Structures are given as structure tokens and as C-alpha cells.
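# Geometric and topological summary
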Amino acid sequence: MSFFLSFRREIGLQSVRISDSLAVMDAETVIAAFGGPAEMARRFGAGRTAVYHWRVKGVPSRYWVPILDAAQADGLAQVTREAVMWRPSEPPKVAA
């Protein structure tokens, strides 16, 4: 066991891993803040199915500014730049 891990245990710290599921929750928060996928699709001119995919793939960059502007105009503090600009982490590349 490394010194760092044993030190963390002794002082009672737990490691926190930010996973993709947490980031997806951020995308869910953005979509929910605008009234769900159907309302978000209507408001920003995207397909409803596309908005569903945003939760997994991230919001396309062409929507970032309109979403952030609309969130500010509507007073939606839960819609953060980080949540709108989230991208899933890439899986590690396997050497062939």
C-alpha cells in the first residue's frame, strides 16, 4: 500500500471519483431545467431524439451559446457552462 493511501485512511479521507454518470446527471439537469427533451428540442430547433442522445454524447457545440444565453435570460442557475459543455471521457485505446 502506498504512503498516500495509508495516510488518507489514517486521517479518514475517502477518494472521490468523478464518473461519467455524474456528468450525465449534469446533462440531465440541463435538459430538465428547460422542461425536458421535447421542450428543449422545440426551443433550440433540435430533434427530440437528438436531445435524448445529448445525455450520453454531450450537447453539440453549436447549441452551447444559445443554451447558456437562454439559461441566463430565464434565470436557470443550475445550467452551468460545465454541464452544457460536458463530453464523455474517451475509453482507453488498446494497443493492437
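Above this text sits the structure in question.
Residues numbered from 1 in each chain as written. Predicted model: local features only at pLDDT ≥ 70, side-chain atom pairs only at ≥ 80, totals over all residues. Heavy atoms only, no water.

### Details of the packing of aromatic side chains
Counted under the stated rule, the structure contains two aromatic pairs. Judged by centre distance (5.3 Å) and plane angle (85 degrees), the ring pair of F34 and F44 falls under edge-to-face. Of this pair, F34 sits in the loop between α2 (20-33) and α3 (37-44) while F44 sits in helix α3, placing them 10 residues apart in sequence. With respect to burial, F34 and F44 carry one shared label: buried. Look at W54 and Y63: their rings are 4.9 Å apart centre to centre, the planes differ by 45 degrees, and that puts the pair in the tilted class. Judged by relative accessible area, W54 falls into the buried class, the value being 4%. With a relative accessible area of 10%, Y63 lands in the buried category. (Phe/Tyr/Trp six-rings, centres within 6.5 Å; stacked < 30°, edge-to-face > 60°. Helix = DSSP H or I, 4+ residues; strand = E, 2+ residues; numbered from the N terminus. Buried < 20%, exposed > 50% of the residue type's maximum accessible area, 1.4 Å probe, protein only.)

### Observations concerning α3
Those residues of α3 that fall on the buried side of the exposure criterion are P37, M40, A41 and F44. An end-on view of α3 places all buried positions within 100 degrees of arc, on one side of the element. (Arc of directions from axis to C-beta.)

### Details of the environment of A27
Following the sequence through the fold, A27 ends up in helix α2. Distance in space between the C-alpha atoms of A27 and E82 is 9.4 Å, their sequence separation being 55 residues.

### As for the pattern of salt bridges
Scanning the entire structure with this criterion turns up three salt bridges. Measuring nitrogen to oxygen at the nearest pair gives 2.3 Å for the salt bridge that ties E39 to R42. Of this pair, E39 and R42 both sit in helix α3, separated by three residues, roughly a single helical turn. Residue classification places E39 among the partly exposed residues on the basis of a relative accessible area of 28%. Look at R42 and you get exposed, because its relative accessible area is 58%. Between R43 and D74 there is a salt bridge whose closest N-O contact spans 2.6 Å. Placement of R43 in helix α3 and of D74 in helix α5 (residues 64-74) is noted, with a sequence separation of 31 residues between them. Classification of D74 as partly exposed rests on a relative accessible area of 38%. (Salt bridge = Lys/Arg side-chain N within 4 Å of Asp/Glu carboxyl O.)

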